[in-house]
Amino acid sequence: MRGISKQFGRVQALDNVGLSVTSGSIHGVVGENGAGKSTLMKVLYGAYQADSGEVKVNGKAVNIRSSKEAIALGIGMVSQHYGIVPELSMLDNLILGAEPAMVLDKSAIRERAGKIAASIGLNYGNDIWDRDASAISASEAQRLEILKLLWREARIMILDEPTAMLSPKDGEALFGSLRALTKEGATVLLVTHRLPEIMEYCDRVTVLRGGKWIADVPVSETNPEQLSELIVGRTVSVSVRPEPIPAAAPALEVRNLSVARDRGTDAVQNASFALAPGELVGIAGVDGSGQADLFRALLGVTPTREGEVLWQGQPITSRSTSARIELGWRILPEDRLSEAIVSDWSLIDNSTLGLHRLPEFADGGKIRNQERAAFAQKAAEKFGTKHGGLDAAIGGLSGGNQQRFVAARMTESGPKFFMAFQPSRGLDIAATEDLYKAMQERCREGASGLVVSFDLDELMSHCHRVLVMFSGKVIVPPVDADRDLLGRLMVGGEA
Amino acid sequence: MLNTVLLTLSMATPLVLAAMAGYCSERSGVINIGLEGKMLMAACVSALVSVSHGPVLGVLAGILAAVVMSLVHWLATQRFGIDHVISGMSLNAISAGATNFMFTRFSDPDRSGRIGTLPPLFYQACAVIAPVALILYVGKTRGGLWLVASGSDPEKARLAGLQPDRIRLFALVATGLFCGLAGAYLVADTGVFTDNMTAGRGYIALAALILGGWRVGQTALACLAFGFLSSLNLLFQGTQLGGFNLPSEFWTSLPYLATVIALAGFLGKQRTPAGLGKT
């Protein structure tokens, strides 16, 4: 790919970017959010049209106008959010969009599917192929996505943040199968923000920043420090993990808390843990381990089935959500669009969403407009939310800017206890650091905080302590637990 | 006994056809509460055209009317982003008013006797063939896979290179076809068009679809069950049953009562297509 440029409205997403990949290699593409990694990959996959530039595949100039043409050229892509359709079987998902004929010969399809699975060391029988795809785990979905690329005979595979949803162990297995594929001549383009993956598995790496090409180096000639400098464009002060807080009377105590799921097993099973005043505690674990259910139950949005929640020694299990908010509890929810903002409302309206009954913002039934506007202004400035006026709908902002705004709503509204779900989602490295600094600052002032992240390193470098959630259970490891131990606990291993 | 079986089949025929219409639409991801209106329109148009141009053109005209209404539903929901339920309800309302107007305006008040129609057996054969054909289509063909995929997750289907809009267009044409047959059958069965003659069959078909968990075989069975309950109405109305003289209203209300009870009991384990109503 040479001289690729792409503009979205007034934003120059890609500015004269080049990328050259040797066949049979694993090539990393790194950069911050908004650096243009995904855009560049989507141009190659035909999902976007470049404004200028040229693409050559195997030495031949090509013009890729749609994903269909990309697939015909042997280019396949696994996007961050898997393209697995629920309700269809694994086999149906495998062939969807690339069916061999109008009338499907299922036995021939099964035979070829089995061969493909065997080629990356998977022994899939009919029982696996017939499973409903809505019931499969993240790592199985990831494998199915790669099988889909093989079904389409893709020789160039683009993987966008493939390990974002995987446990460390599943991640290693994934790279194992990718290595095996490159030995047979496949080429892998790996978009990631995790430098250890680059260092361990990639042959070369291309760095993008702000839509511009920055560097292209063999991995053997670089190191993580140099790479992160190239990515950010300045030296990043690596944050130092804060010292553990000495034991004290807990601010928040959770005793034997269980939360029911719609049917079957509990979403949260018998969770017991405590937070000291001023303590920032991380919850590690792969997605779907019950973190969101725990948060909703703590805030009183969903009922608990069993157990007790104590705040400063007082049981509050039966208190309403608004009573808990009045106590100074704040949340940064999992799903920004459906739980944190009202897209059509202005930034000002959104700034006190959920906080609208607090005396700072309401005088009886009347809104204190000035105070609210001042708070919105403060929240927008805190993490540098880029916006087109506080009166404009928040839905018009980019995901990262919405996240900056709702994160500031949590940290700047005087929290006594806060819960943040994947706070760094959509944020670049610098903004992530700022956000954690603000949370640590609140903790120094005496608040306590719970942070859920799927990125263990992020938690380990910012939190006083890290708990682990695995299939609904909260595990409280020793304070000095190392990365290996936590990683094992995340996938159900023994301490 | 034989009488009951025949009555059940004849009562179930429009339900099966309408439920298959609903199946095509809802499996593709389009909520279709407008089955009732489409059937009613098809019945009215087929009755009017049968009188003037003969039964074959009558059926075709009825189907065409239902297909046109289906396409309006497609335009409203897929092109203009109107809520699926609102669009469906509006079509039902328009249909109720328009059929009443058309029939009083265009039919000849002096004419009496049956409208010439295709034999009911034709429709009953259709009601047997349609579910079998749909099972084969969904299980064995590319088009069937695409239909289910676009109703399950249109966004991800799009990622796989499918065009859910287009798939839904085809699905809604099929919906119109089946609704058209169902409506025309009502006229063929009774020999006349009467105001609001569908009498909620579109909704009962929808209930059968929900009870059947959006699966063809189970849905057809649910239709048969509703057909059986409706046949009881005709068999037992006004007869003594074990010393009780149940009022005829009881028998008339039985299928509707069963719908309410069945839906209340089964809604807990819904197997709704996940992408229903999504774009």
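In every chain, residue numbers begin from 1 and rise along the written sequence. Ligands are numbered from 1 and chains lettered from A, in the order in which they are written. Reporting in this predicted model follows two pLDDT cut-offs: at least 70 for local features of residues, and 80 or more for side-chain atom pairs to be given and counted; totals over whole chains, interfaces and linings ignore these cut-offs and use all residues.

So, the overall build of chain B
On a plain count of helices and strands, chain B comes out with 11 helices and 0 strands. Helices (α) and strands (β) of chain B occur, in sequence order from the N terminus, as α-α-α-α-α-α-α-α-α-α-α. Here chain B has a C-alpha radius of gyration of 19 Å; the compact-globule value for 279 residues is 19 Å, and the two agree. Residues are called buried when their C-beta atom has 20 or more other C-beta atoms within 10 Å, exposed when it has 12 or fewer, and partly exposed otherwise; all C-beta atoms are positioned from the backbone. Sorting the 279 residues of chain B into buried and exposed places 49% on the buried side. With C-beta atoms placed from the backbone, a contact is any residue pair whose C-beta atoms sit within 7 Å. Partitioning the intrachain contacts of chain B with sequence separation of at least 6 by distance along the chain shows that 80% fall at a separation of at least 24. Strands are runs of DSSP state E lasting at least 2 residues, helices are runs of H or I lasting at least 4, and numbering of each runs from the N terminus. With the radius of gyration taken over C-alpha atoms, the globule rule is written as 2.2 Å times the number of residues to the power 0.38.

What about the interface of chain A and chain B?
Interfaces are often described in size by the accessible area the parts lose on coming together. With 15 residues of chain A at the interface, the matching set in chain B holds 16 residues. Three classes are used, and their members are as follows: Ala, Val, Leu, Ile, Met, Phe, Trp, Tyr, Cys and Pro are nonpolar, Asp, Glu, Lys and Arg are charged, and the others, Gly among them, are polar. Grouping the constituent residues of the side of chain A that touches chain B by class yields 8 nonpolar, 3 polar and 4 charged.

Points about the pairing of strand S8 (residues 187-191) of chain A
Residues and elements named next belong to chain A. Counting buried residues in S8 gives 5 out of 5 residues, a clear majority hidden from the surface. As defined by bridge partners, strand S3 (residues 26-30) adjoins S8 across 4 bridges and the pair is classed as parallel. For Val29, the partnering residue across the bridge sits in S8 and is Val191. In this sheet, S8 lies alongside strand S7 (residues 156-160) in parallel orientation, the contact comprising 5 bridges. Bridge pairing links Ile158 to Leu189 in S8. Note on pairing: two strands pair once DSSP finds at least 2 bridges between them.

Section: the domain arrangement of chain A
Each domain of chain A was delimited in the assignment, giving domain 1 (2-84 + 136-232) and domain 2 (252-328 + 415-490). An automatic or database domain assignment provides the domain bounds reported here. Put simply, the middle of domain 1 of chain A and the middle of domain 2 of chain A, counted by C-alpha atoms, are 33 Å apart.

As for unusual backbone geometry
For Asn270 of chain A, which is not glycine, the phi dihedral falls at a positive 50°. Overall, Asn270 of chain A belongs to the partly exposed group, with 14 C-beta atoms counted inside 10 Å. Here the phi dihedral of Ala199 of chain B falls at roughly 50°; this positive angle occurs in a residue that is not glycine. Structurally, Ala199 of chain B is set in the loop between helix H8 (164-190) and helix H9 (201-211). Judged by the 16 C-beta atoms lying within 10 Å of it, Ala199 of chain B falls in the partly exposed class.

Describing the environment of Glu458 of chain A
Residues and elements named next belong to chain A. Relative to the assigned elements, Glu458 resides in helix H17 (residues 456-460). Among the residues examined, Glu458 registers 19 C-beta atoms within 10 Å and is labelled partly exposed. Along the chain, Glu458 and Arg442 lie 16 residues apart, while their C-alpha atoms are 18 Å from each other. The residues contacting Glu458, other than those within four sequence positions of it, are Ser424 and Ser453.

Some words on the nonpolar core
Ranked by internal contacts, the top residues of the largest apolar core, which has 143 residues, are Leu17, Ala18, Ala43, Phe178 and Ala208 of chain B. It is H8 of chain B that provides the largest number of residues to this core, a total of 14 residues. If sequence neighbours within four positions are ignored, Ala43 of chain B has contacts with Gly62, Gly183, Ala184, Leu186, Val187, Phe193, Met197 and Thr198 of chain B. One nonpolar core equals one set of buried Ala, Val, Leu, Ile, Met, Phe, Trp, Tyr and Cys residues connected by C-beta atoms within 7 Å. If you look at the next biggest cluster of nonpolar residues, it comprises 69 residues, including Ala267, Ala292, Ala379 and Leu450 of chain A.

So, helix H6 (residues 138-151) of chain A
All names here are of chain A. For H6, which comprises 14 residues, the first-to-last C-alpha distance of 20 Å matches the rise-based estimate of 20 Å (1.5 Å per residue) to within 8%. Most of H6 sits out of view: 10 of its 14 residues are buried. Every buried residue of H6 is accounted for by Gln142, Arg143, Leu144, Glu145, Ile146, Leu147, Lys148, Leu149, Leu150 and Trp151. Looking at the buried side of H6, the elements it contacts are strand S6 (75-78), helix H3 (90-95), helix H4 (106-119), S7 and helix H7 (168-183). Looking one or two residues beyond H6, the residue adopting positive phi is Glu153, at roughly 55°. Expected helix span is given by 1.5 Å per residue-to-residue step, counting one fewer step than there are residues.

Concerning the environment of Met69 of chain B
All names here are of chain B. Its place among the elements puts Met69 in helix H3 (residues 55-79). Along the sequence, Met69 and Val173 sit 104 residues apart, while their C-alpha atoms lie 9.4 Å from each other. With near-sequence residues (within four places) excluded, Met69 lies in contact with Gly37, Lys38, Met41, Leu91 and Gly176.

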